[in-house]
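# Architecture at a glance
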Amino acid sequence: MKSSVITFPGSNCDRDMDVALSKFGFKNKMVWHNDKELPKSDLVVLPGGFSYGDYLRCGSMASKSKIMHSVINFAKSGGLVMGICNGFQILVETGLLPGVLLRNKYLEFICKNVYVKVDNRQNPYFKNLDKEIFEFHIAHNEGNYFCTKDQLDEIKDNNQIAIYYCDKNGQTEEQYNPNGSMKNIAGIFNKEKNVLGMMPHPERMIDQSLSGEDGSLFFKNLINNLK
Amino acid sequence: MIVSAIITLKKDVLDPQGKVIHQTLDGMGFKNVNEVRQGKYFEIDVNENDPTKAKGIVEDMCKKLLANLVIENYKIIETQ
């Protein structure tokens, strides 16, 4: 399986993502934002970081960079595109995913482990996963998911909510919401479920001695689903 | 021609920065403030002398980049 990780000026989780993808068997290529052509890929990842210094709005500049034309075409033709953290912000700015990510409700940069609940397994990312609740890391200042009422009705009707913030038992009450996101939303899909954006970083959970292994479960399952 | 654009948050979008500024103003003694909403202001020098055309170009910029219409409104406020 081939993957591509796009590096924008200010990306800082691109190498971590490369390590994670390679560890679980992807043949990964790093792609510079100024390139026009995507290498042949089964999965394209927009990594976390602070592309273009978060100028104007997080992800807004990166969403207009040269490589994004190819990424958008790839996504529109059904290719798998996953955006983590800043990558999620870039995806909403391209319009591939609905809504926006506002500044965290309490104006704090949040850096901690959280639990998330997988809501929808009818997609290439979470299909066949045995586990429902995952411990992932978050590190962001703008992760407060917001969309209009009509958009919210639409994403609910189309089962586009991918993961919710929750406690370790899967309770999704407001108190387990770290950043003020609507309905505790931590990640969403596009209608077709080939584009996934999420704030948590699975690539930071791939080593038992450094973190947990919930990210390992995610990546192992992902590559198996793509084979 | 210089065209200016103001980007403001839509009414029902939470503006925590505006809230904190409001609280700080309140602490400083400005007791007669009902609400503060923070926005963005752009001055764009467009290479175009026709005001209608220049405004049109900046409006296009607002729609495509400067504002995110899910949460923000834009207003082209003046030309020079």
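Structural data are supplied above this passage.
Quick look at the structure, then. Remember, predicted model here, so these are calculated numbers, not experimental data.

### Examining the overall build of chain B
Helices and strands together make up the secondary structure of chain B, namely two helices and three strands. When the helices and strands of chain B are read in sequence order from the N terminus, they spell out β-α-β-α-β. Computed over C-alpha atoms, the radius of gyration of chain B comes to 16 Å, more than 25% over the 12 Å expected from 2.2 N^0.38 for 80 residues, which places it beyond the range of a compact globule. In terms of overall dimensions, chain B has a C-alpha envelope of 45 × 25 × 15 Å along the principal axes. Here chain B holds 80 residues, and 29% of them are scored as buried. Residue pairs at least 24 apart in sequence account for 69% of intrachain contacts in chain B once pairs closer than 6 positions are excluded. Put simply, chain B has 11 plus and 12 minus side-chain charges, and the middle of one group is 6 Å from the middle of the other.

### With respect to the pattern of salt bridges
Under the definition given, this model contains nine salt bridges over all chains. The closest approach of N and O atoms between Arg57(A) and Glu93(A), which form a salt bridge, is 2.8 Å. Of this pair, Arg57(A) sits in the loop between β3 (43-46) and α2 (66-76) while Glu93(A) is found in helix α3 (residues 86-94), placing the two residues 36 residues apart along the sequence. Of the two residues, Arg57(A) and Glu93(A), neither departs from the other in class, the shared state being buried. One continuous salt-bridge network, built from bridges that share partners, spans Arg57(A), Glu93(A), Lys40(B) and Glu72(B).

### Quick notes on the pairing of strand β11 (residues 195-198) of chain A
All names here are of chain A. Covered by surrounding structure in β11 are Val-195 and Gly-197 together with Leu-196 and Met-198, the residues of both alternating faces. As paired strands, strand β4 (residues 80-84) and β11 are joined by four bridges and run parallel to one another. Note on β11: the bridge partner recorded for Gly-83 is Gly-197. Pairing of strand β10 (residues 185-189) with β11, which is carried by three bridges, proceeds in the antiparallel orientation. Looking across to β11, one finds that Phe-189 is bridged to Leu-196.

### Focus on α3(A)
Of all nine residues in α3(A), eight are buried; the element is thus mostly enclosed. Count one or two residues on from α3(A) and you reach Gly95(A), which has phi positive near 90°.

### Let's talk about the side chain of Asn184(A)
Looking at where Asn184(A) falls in the secondary structure, it is placed in the loop between β9 (161-166) and β10. Only 3.4 Å separates the side chain of Asn184(A) from the backbone oxygen of Thr172(A), close enough to count as a polar contact.

### Focus on the environment of Asn120(A)
Residues and elements named next belong to chain A. Positionally, Asn-120 belongs in the loop between β6 (110-118) and β7 (133-140). Classification of Asn-120 by relative accessible area gives buried; the value is 6%. Spatially, the C-alpha atom of Asn-120 lies 17 Å from that of Leu-226, the residues being 106 residues apart in sequence. Not counting chain neighbours up to four residues away, the residues in contact with Asn-120 comprise Phe-126, Asn-159, Ile-161, Ala-162, Phe-189 and Lys-193. From its side chain, Asn-120 meets the backbone oxygen of Asn-159 in a polar contact 2.6 Å long.

### Details of the interface of chain B and chain A
Each partner contributes residues to the interface: chain B has 16 residues there, and chain A has 16 residues. Summed over both partners, the interface of chain B with chain A comes to about 1300 Å²; 70% of that surface belongs to carbon and sulfur atoms. Joining chain B to chain A, the criterion identifies one salt bridge. At the boundary of chain B with chain A, the tally comes to six residue pairs in polar contact (both at pLDDT 80 or more).

### A closer look at the sheet that holds β3(A)
Residue and element names in this part refer to chain A. Strands sit in the order β2-β1-β3-β4-β11-β10-β9-β6-β7 across an open sheet of nine strands; the sheet is mixed. What marks the edges here is a single partner per strand, and that holds for β2 (27-32) and β7. Here the strands of the sheet are splayed against their neighbours by 25° on average, with no regard to which way each runs. Where strand β1 (residues 2-7) and β2 come together, six bridges link them in parallel fashion. Looking at the pairing, Ile-6 lines up with Val-31 of β2.

### Observations regarding unusual backbone geometry
Residues and elements named next belong to chain A. Positive phi values are uncommon outside glycine, yet Leu-56 reaches one of about 65°. Its location among the elements puts Leu-56 in the loop between β3 and α2. Non-glycine residue Asn-128 carries a positive phi angle of around 70°.

Calculation notes
- Residues numbered from 1 in each chain as written.
- Chains lettered and ligands numbered in written order.
- Predicted model: local features only at pLDDT ≥ 70, side-chain atom pairs only at ≥ 80, totals over all residues.
- Heavy atoms only, no water.
- Helix = DSSP H or I, 4+ residues; strand = E, 2+ residues; numbered from the N terminus.
- Rg over C-alpha atoms; globule rule 2.2 N^0.38 Å.
- Buried < 20%, exposed > 50% of the residue type's maximum accessible area, 1.4 Å probe, protein only.
- Contact = heavy atoms within 4.5 Å.
- Lys, Arg positive; Asp, Glu negative; His and termini not counted.
- Charge placed at Lys NZ, Arg CZ, Asp CG, Glu CD.
- Salt bridge = Lys/Arg side-chain N within 4 Å of Asp/Glu carboxyl O.
- Pairing = 2+ DSSP bridges.
- Polar contact = N/O pair within 3.5 Å; in protein donor to acceptor, adjacent residues only side chain to side chain.
- Buried area = accessible area lost by both parts, 1.4 Å probe.
- Axes fitted to C-alpha atoms, helices over the stretch in contact; angles between N-to-C directions.

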